[in-house]
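Structural overview
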Amino acid sequence: MNWFLLFRSIKKSRSDIKVISRLGNLFLILFSLFIILPLDSVFGEDSPSFEIGLREGIAASGEGPFYKEELIGTFVLPGGSRSSSAFLLSPQIDATAGVLRRGDEKGFIGSVGPGLALGWREWPIFLVGGARAALMGEHIYKDKDFGGRFQFIAEIGLNVRLSRKLGAGYRFQHMSNAFIYDTNPGLNMHIFEFRYSF
């Protein structure tokens, strides 16, 4: 992924630049805290974990030739993952940044929001889901107008733990603006991902 082209694809209005700058600063602060802070001393035995991943997405049948490439960061919140029962219930916060493409048109898309993973301790497979607020750099792709830059994303799928540090997953993802604009065509995508846990 060429990051220079990604950021060139964002429409250069003052409001977009301010939003992206603030999101970038927030990401740098949070990432620095993960590196600097001894999380065990902050949370004790319920130390959270942080995961990063790469995602590739393709529009579901009938949605047109949309593709998505993005980075995802997941902060697994303390408490649920250390439960003593046979079930694992892990609340988390997900943040993504990437590119949505249709033919030669492309634009930035980023999102942040809560997620949840449910599984059994003996199995390496987890049911996962989440809902996030999303911001698009471009909301018109040829004949498809998403209504505006602000969208909502909901997804459900499965994660498979390949090893202690590596995982893979699939999501069925729906994005729409929940009728906060005049038009709300929405977009359904199949998302595939690989993750690394710290």
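One structure accompanies this document, and this report is about it.

Section: the pairing of strand β8 (residues 150–161)
Bridge count for strand β5 (residues 125–136) against β8 is eleven bridges, and the pairing is antiparallel. Bridging from a neighbouring strand, A133 pairs with F152 of β8. Relative to strand β9 (residues 166–176), β8 is paired through ten bridges, and the arrangement is antiparallel. The partner of N159 across the bridge, within β9, is G169. Where β8 folds back onto β9 in an antiparallel hairpin, the turn is made up of four residues.

Description of the sheet that holds strand β3 (residues 87–102)
Strand order in the closed barrel made by the eight strands is β1-β2-β3-β4-β5-β8-β9-β10, with antiparallel pairing throughout. Between one strand axis and the next, the sheet turns through 25° on average, direction left out of account.

Quick notes on the environment of M189
Assignment of secondary structure puts M189 in strand β10 (residues 187–197). In this structure the C-alpha to C-alpha distance between M189 and M175, which are 14 residues apart in sequence, comes to 8.3 Å. Residue contacts for M189: discarding those within four places in its chain leaves G57, I58, A59, A60, F66, Y67, K68, L100, R171, F172 and Q173.

Quick word on the pattern of salt bridges
A full pass over the atoms with the stated rule returns 13 salt bridges. Residues K142 and D104 are paired through a salt bridge, measuring 3.4 Å at the closest nitrogen-oxygen approach. Taken together, the residues span a long stretch of sequence, with K142 in the loop between β6 (140–141) and β7 (144–145) and D104 in the loop between β3 and β4 (105–120) at a distance of 38 residues. By the burial criterion, K142 is exposed, and D104 matches it. Each of E51, R55, E70, R132, E155, R161, R171, E193 and R195 takes part in a single network of salt bridges with overlapping partners.

Digging into the packing of aromatic side chains
Considering all chains together, one arrives at eight aromatic pairs under this definition. An angle of 70° between the planes, with centres 5.8 Å apart, marks the rings of F66 and F146 as edge-to-face. With F66 in strand β2 (residues 66–76) and F146 in the loop between β7 and β8, this pair connects stretches of sequence that are 80 residues apart. No difference in accessibility class separates F66 from F146, as the two residues are buried. Members of the aromatic cluster, joined through ring pairs, are F50, Y196 and F198.

Reading the values: the criteria
Residues numbered from 1 in each chain as written. Predicted model: local features only at pLDDT ≥ 70, side-chain atom pairs only at ≥ 80, totals over all residues. Heavy atoms only, no water. Pairing = 2+ DSSP bridges. Helix = DSSP H or I, 4+ residues; strand = E, 2+ residues; numbered from the N terminus. Axes fitted to C-alpha atoms, helices over the stretch in contact; angles between N-to-C directions. Contact = heavy atoms within 4.5 Å. Salt bridge = Lys/Arg side-chain N within 4 Å of Asp/Glu carboxyl O. Buried < 20%, exposed > 50% of the residue type's maximum accessible area, 1.4 Å probe, protein only. Phe/Tyr/Trp six-rings, centres within 6.5 Å; stacked < 30°, edge-to-face > 60°.

Purely spatial values, then, with no claim about function.
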